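Below are the chains, spelled out letter by letter.
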Amino acid sequence: MSISPITTLYLHQELAHERIRTLHEEAAQERLAGRIRSVQKARRQAERASRRLSSALARI
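Cut-offs used in this document
Residues numbered from 1 in each chain as written. Predicted model: local features only at pLDDT ≥ 70, side-chain atom pairs only at ≥ 80, totals over all residues. Heavy atoms only, no water. Helix = DSSP H or I, 4+ residues; strand = E, 2+ residues; numbered from the N terminus. Rg over C-alpha atoms; globule rule 2.2 N^0.38 Å. Buried < 20%, exposed > 50% of the residue type's maximum accessible area, 1.4 Å probe, protein only. Salt bridge = Lys/Arg side-chain N within 4 Å of Asp/Glu carboxyl O. Patch = residues over 30% accessible without salt bridge, like charges linked within 9 Å, V, L, I, M, F, W, Y side chains within 5 Å. Areas by Shrake-Rupley, 256 points an atom, 1.4 Å probe, with all protein chains shown as cover. Lys, Arg positive; Asp, Glu negative; His and termini not counted. Charge placed at Lys NZ, Arg CZ, Asp CG, Glu CD.

**Student:** Help me get a handle on the overall build of the protein, residues and values and all.
**Tutor:** From N to C terminus, the protein includes 1 helix and 0 strands. Expected size for 60 residues packed as a compact globule is a radius of gyration near 10 Å; at 26 Å, the protein overshoots this value by more than 25%. Here the C-alpha coordinates of the protein stretch approximately 85 × 15 × 5 Å along the principal axes. Expressed as a percentage of the 60 residues in the protein, the buried residues total 0%.

Structure (structure tokens):
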């Protein structure tokens with residue numbers, strides 16, 4: 001039994017669409033991970049600034 005050209009084309013299109021969906025999902029996950037890293041960095045910077053401010057106020 002052989003696969004018809006139309007079936008082959010359909011399967012190829014489905015595989016291509018699935019790959020595109022996967023790439024979009026991976027890109028969304030990467031964007032989310034980047035935002036999480038940015039928030040973590042901002043939190044660390046805010047904590048350092050808070051410690052510097054507390055230290056400066058303690059010296060007054």
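**Student:** Which residues make up the pattern of salt bridges, and what are the values?
**Tutor:** Where charged atoms from two side chains of opposite charge approach closely, those side chains can pair. The final tally for this structure, using the stated rule, is 1 salt bridge. A salt bridge links R21 to E18, with the shortest nitrogen-to-oxygen separation between them at 2.8 Å. Linking R21 with E18, this pair stays in helix 1 (residues 5-59), spanning 3 residues, or about one helical turn. Relative accessible area serves as the criterion here: at 39%, R21 is assigned to the partly exposed category.

**Student:** Could you give me a rundown of a nonpolar patch on the surface, with the residues and numbers involved?
**Tutor:** On the surface, a cluster of nonpolar side chains totalling about 310 Å² of accessible area is made up of I3, Y10 and L11. Mapped onto the secondary structure, L11 falls in helix 1.

**Student:** Quick one: what's the story with the environment of S55, residue by residue and with numbers?
**Tutor:** By the element assignment, S55 lies in helix 1. C-alpha of S55 to C-alpha of I36: the two residues are 19 residues apart in sequence and 28 Å apart in space.

**Student:** I'd like a rundown of a positive patch on the surface, residues and numbers included.
**Tutor:** A cluster of basic residues, K41, R44, R48, R51 and R52, forms a positive patch on the protein surface. Tracing the backbone through its elements, the reader meets R51 in helix 1.

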